[in-house]
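These are the residues of each chain, in order.
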Amino acid sequence: QVQLVESGGGLVQAGGSLRLSCAASGIIFSINTMGWYRQAPGKQRELVATITSGDSISYADSIKGRFTISRDSAKNTVYLQMNSLKPEDTAVYYCNADIIATLAWRVMNYWGKGTLVTVSS
């Protein structure tokens, strides 16, 4: 069974930094696009950043220049380096990935359970 597990969330002051990690586990053949989404209280889940297997990257306008997404394909892990954090970045951050598991042999989309990031003013 494939799982995505996030880590690295926490409480930080405005202007600070955090690094989120998301590791995929299970019997995995390959991983296509990996990404980060977030959901603030009372708001819809929104895209933060994505990175393809070919390292093509896209960012939401709200975090451009402050957040950096990267991946270590050998470790099936995606990272989100968050700098210059603002109170409006407070949200639960979710990892997402398109994965081909060896037992399924087709692309399936997976979500992690989320990690809370709280930015105090």
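Up top is the structure.
These figures come from a predicted structure and were not determined experimentally.

A.B. asks: Even after reading the chapter, I still don't get the state of the cysteines, so can you show me in this structure?
C.D. replies: A covalent bond between the sulfur atoms of two cysteines is referred to as a disulfide. Applying the stated criterion to the full structure yields one disulfide. Each sulfur of the disulfide joining cysteine 22 and cysteine 95 lies 2.0 Å from the other. Between cysteine 22 and cysteine 95, the S-S torsion sits near -80 degrees, and that sign places the bridge as left-handed. Of this pair, cysteine 22 sits in strand S3 (residues 18-25) while cysteine 95 is found in strand S9 (residues 91-101), placing the two residues 73 residues apart along the sequence. On the basis of relative accessibility, which here comes to 0%, the residue cysteine 22 falls in the buried class. Residue cysteine 95 is classed as buried on the basis of its relative accessible area of 0%.

A.B. asks: Would you explain the sheet that holds S3 in this entry?
C.D. replies: What holds strands together in a sheet is hydrogen bonding between their backbones, with the strands either parallel or antiparallel. Pairing within the open sheet is antiparallel, and its four strands lie in the order S1-S3-S8-S7. Whereas interior strands pair on both sides, the edge strands pair on one side only; in this sheet they are strand S1 (3-7) and strand S7 (67-72). Neighbour to neighbour, the strand axes of the sheet diverge by 15 degrees on average, direction disregarded. Across six bridges, S7 lies against strand S8 (residues 77-82) in antiparallel orientation. Following the sheet pairing, phenylalanine 67 is matched in S8 by methionine 82.

A.B. asks: Where do I start with unusual backbone geometry in this structure?
C.D. replies: One non-glycine residue, aspartate 55, lies in positive phi territory at about 70 degrees. Topologically, aspartate 55 is positioned in the loop between strand S5 (46-51) and strand S6 (57-59). Unusually for a residue other than glycine, asparagine 76 sits at a positive phi of about 50 degrees. Summarising the element assignment, asparagine 76 is placed in the loop between S7 and S8.

A.B. asks: Just checking my understanding: could you explain the layout of surface pockets for this structure?
C.D. replies: Over the atoms, a rolled probe matching the size of one water molecule traces out where space is still vacant. The space that makes up the largest pocket amounts to roughly 160 Å³. Every residue along the wall of the largest pocket is listed here: Arg38, Gln39, Ala40, Lys43, Gln44, Glu46, Ser62, Arg66, Glu88, Asp89 and Ala91. A per-class count over the lining of the largest pocket returns two nonpolar, three polar and six charged.

A.B. asks: Got a minute to help me understand the packing of aromatic side chains in this structure?
C.D. replies: Any pair of aromatic rings gets described here by the distance separating the centres and the angle formed by the planes. Counted according to the given criterion, the structure contains three aromatic pairs. Look at tyrosine 37 and tryptophan 111: their rings are 5.0 Å apart centre to centre, the planes differ by 65 degrees, and that puts the pair in the edge-to-face class. Here the residue tyrosine 37 occupies a position in strand S4 (residues 28-39), and tryptophan 111 occupies one in strand S10 (residues 107-111), the gap between them amounting to 74 residues. Judged by its relative accessible area of 39%, tryptophan 111 falls in the partly exposed class. Across from the ring centre of tyrosine 94, 3.7 Å away, lies the NZ or CZ of arginine 45, which sits over that ring.

The rules behind these values
Residues numbered from 1 in each chain as written. Predicted model: local features only at pLDDT ≥ 70, side-chain atom pairs only at ≥ 80, totals over all residues. Heavy atoms only, no water. Disulfide = S-S within 2.5 Å. Helix = DSSP H or I, 4+ residues; strand = E, 2+ residues; numbered from the N terminus. Buried < 20%, exposed > 50% of the residue type's maximum accessible area, 1.4 Å probe, protein only. Pairing = 2+ DSSP bridges. Axes fitted to C-alpha atoms, helices over the stretch in contact; angles between N-to-C directions. 1 Å grid on protein atoms, 1.4 Å probe; cavity = no way out; pocket = protein on both sides within 12 Å on 5 of 7 lines; lining within 4 Å. Points joined across faces, edges and corners; volume = space filled by probe spheres on them. Nonpolar A, V, L, I, M, F, W, Y, C, P; charged D, E, K, R; others polar. Phe/Tyr/Trp six-rings, centres within 6.5 Å; stacked < 30°, edge-to-face > 60°. Lys NZ or Arg CZ within 6 Å of the ring centre and 35° of its normal.

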